[in-house]
Amino acid sequence: MIPAPVPDDELQRLRELYSLELLDTPYEKEFDDIVRIASKICNTPISTITLIDSDRQWFKAKIGTEDNNDPRSITFCGHAIMDDKLMVVPNAIDDERFFDNPLVTGDPPNIRYYAGMPLVTQSGYKIGSLCVIDRVPRTLDPEQLQTLEALATQVMKLIELRVKNKQLQELTDVKNRIISIIGHDVRNPLSGIKGTLELKQMGLIQPEEEGSMLDRLSGQVDTTMDMLTNLAEWGKLDFMPSKSHIQALPISNIADSCLDELALNADAKGNVIKNETGNIFYSAIDKNSLHFILRNLLTNANKFTERGVITVTNTANTITVGDTGTGMSAVQIAGLINDGVHATTNGTKNEAGTGLGLMLVKDFLRKVNGRLSIESEPGKGARVTVVFK
């Protein structure tokens, strides 16, 4: 037996496979229908839509077999993804790759005939195959083989449609949450500003109260402006073409730009922000989106730090913003990570928050298969890391 080889682009192939979020999902009628059609047209008892994981094969759809997991090394489909063309094995007993393979010698499945068409993504990665299998040697005519190839194309169209539907639902959910935030968190500061001005016009604010009142108004305006800036940038970036390829980005320059924008706010709180990034950063996200993410993380760090230090560091595919601020509890961390929770906390100078910035950061990360992690304890600062897989 010759074990299934590993493609040269295995890491990228697996990243593409995992981004589709298909592995270990429930069976779906649309995929089940395709294996039924393949089995019927090719007159074979077994047909599967197979996904090749790092160490196993898993069937998104199947007919004629109860199996759903095999070690990748013994799989026929593991060989099939090594080429863009249909792989046909007329008689596995006569093939040096499979003659002593447990899938051939075992009963079931006792494989003799195999024909598998690779499932190729738009990026060119082969994530699995659509195959038909028989327990006796045989041949398929050219029309049957062409139909199998056409059905494999339909499988990929179904997968792409599934991904787009999921993205559309996520986008709808995010936009609905944003509309809710705007309705509450923009209206409230504006109402507060309007009410204060009316009190001033009516002569109901004492001169000794004006200073603190103006400070409060200024804080409300800053919060509202920051929110609207985030929304404007998010809207602009959200409609840019998606960039799925990995690229090297000048992380140090991007961090310097963010620090320049936040310099006055940091000085006002007596904070020092250090840019200790150096290594080139590799990501599928674009420069403008990365700037958006980093600026929001630094803004949050500054919000919860006073007379302290905020530091930006990175590895090849991570960025970390650490601070010496107030820190947070495990419950607060869970609230920030959980998509279903809109958590807000006032800063060290009672700066109001909306939670919008972090929500939009998570929206960007979701699109590029990234994730956010937080390490913190109350009173001991926080380390927020974004990881790009």
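Here the structure is a predicted model, which is why all the values come from computation and not from measurement. (Residues numbered from 1 in each chain as written. Predicted model: local features only at pLDDT ≥ 70, side-chain atom pairs only at ≥ 80, totals over all residues. Heavy atoms only, no water.)

Caption draft 1: Region of the structure containing helix α1 (residues 10-19). Three or more residues of α1 are buried, namely E10, R13, L14, E16 and L17. All buried residues of α1 project into a common sector of 160 degrees when viewed along the axis, lining one side. Looking at the packing, one finds that the buried side of α1 touches β1 (46-52) and β6 (126-134). A positive phi of about 55 degrees marks E21, the residue just after α1. (Buried < 20%, exposed > 50% of the residue type's maximum accessible area, 1.4 Å probe, protein only. Helix = DSSP H or I, 4+ residues; strand = E, 2+ residues; numbered from the N terminus. Arc of directions from axis to C-beta. Contact = heavy atoms within 4.5 Å.)

Caption draft 2: Structural context of unusual backbone geometry. Omega for the bond connecting D107 with P108 falls within 30 degrees of zero, at 0 degrees, which places this linkage in the cis form. Structurally, the position occupied by P108 is in the loop between α4 (102-105) and β5 (113-120). With omega at 0 degrees, the peptide bond leading from P108 into P109 counts as cis. Relative to the helices and strands, P109 is located in the loop between α4 and β5. Backbone geometry at D24 places phi at a positive 60 degrees, although glycine is not the residue there. For D24, the position within the fold is in the loop between α1 and α2 (29-42). Not every positive phi belongs to a glycine, and N110 is a case in point at roughly 55 degrees. By the secondary structure assignment, N110 is in the loop between α4 and β5.

Caption draft 3: Region of the structure containing the sheet that holds strand β10 (residues 309-314). Sheet architecture is open: five strands sit in the order β8-β10-β11-β13-β12, paired in mixed fashion. Single-partner strands in this sheet number two, and they are β8 (272-275) and β12 (370-376). Ignoring strand direction, the axes of neighbouring strands in this sheet form an average angle of 15 degrees. Of the pairings in the sheet, the one linking β8 to β10 comprises four bridges and is parallel in character. Opposite I273, over in β10, you have I310 as the bridge partner. Helix-sheet contacts for helix α7 (residues 251-268) involve β8, β10 and β11 (318-323), and the interaxial angle to β8 is about 175 degrees. In the packing of helix α8 (residues 287-303) onto the sheet, the strands contacted are β8, β10, β11, β12 and β13 (382-388), and the crossing angle to β11 comes to about 15 degrees. (Pairing = 2+ DSSP bridges. Axes fitted to C-alpha atoms, helices over the stretch in contact; angles between N-to-C directions.)

Caption draft 4: Representation of the nonpolar core within the structure. I293, L294, L298 and L372 are the most contacted members of the largest nonpolar core, which totals 36 residues. Sorting the residues of this core by element identifies α7, α8, β10, β11, α10 (356-367), β12 and β13 as the ones contributing at least two each. Sequence-distant contacts of L372, that is, excluding residues within four places in its chain, are made with L297, I337, L358, V361, L365, V384, T385 and V386. Core analysis: the next-biggest nonpolar cluster, separate from the first, contains 31 residues, L17, W58, A115 and I127 among them. (Core = buried A, V, L, I, M, F, W, Y, C linked by side-chain atoms within 4.5 Å.)

Caption draft 5: Region of interest: the pairing of β13. Summarising burial for β13: six of the seven residues are buried, a large majority. Relative to β13, β11 runs antiparallel, the two sharing six bridges. Its bridge partner being in β13, T320 is matched across the sheet by T385. Two strands pair when backbone bridges link them, and β12 and β13 are joined in this way by seven bridges, in the antiparallel orientation. Each residue of the ladder has a partner; that of R371, found in β13, is V387.

Caption draft 6: Main features of the packing of aromatic side chains. Overall, the coordinates contain two aromatic pairs when judged by the stated rule. Relative to F98, the ring of F76 lies with its centre 3.9 Å away and its plane at 10 degrees, an arrangement referred to as stacked. Remark: F98 occurs in the loop between β4 (87-89) and α4 and F76 occurs in helix α3 (residues 76-80); sequence separation between them is 22 residues. Here the aromatic rings of F76 and Y114 are separated by 5.2 Å at their centres, their planes lie at 40 degrees, and the arrangement is tilted. Residue F76 is found in helix α3, and its partner Y114 is found in strand β5; the two are separated by 38 residues along the sequence. By the ring-pair criterion, three or more aromatic residues cluster together here, those being F76, F98 and Y114. (Phe/Tyr/Trp six-rings, centres within 6.5 Å; stacked < 30°, edge-to-face > 60°.)

Caption draft 7: Inspection of the side chain of E16 at higher detail. Position of E16 among the secondary structure elements: in helix α1. One buried charged residue, E16, remains without a salt bridge, the closest side chain of opposite sign being R15 at 7.8 Å. (Lys, Arg positive; Asp, Glu negative; His and termini not counted. Salt bridge = Lys/Arg side-chain N within 4 Å of Asp/Glu carboxyl O.)

Caption draft 8: How the structure looks around the pattern of salt bridges. Throughout the structure, instances matching the rule amount to 15 salt bridges. Between D134 and R138 there is a salt bridge; the shortest N-O distance is 3.1 Å. Here the two residues D134 and R138 agree in accessibility, since each one is buried. Through salt bridges with shared partners, a single ionic network connects E10, R13 and R72.

Caption draft 9: Examining the state of the cysteines more closely. Applying the stated criterion to the full structure yields zero disulfides. With no disulfide of its own, C77 has C131 as its nearest cysteine by sulfur position, at a separation of 4.0 Å. A residue is classified by how much of its surface remains accessible, and C77, at 3% relative accessible area, is buried. (Disulfide = S-S within 2.5 Å.)

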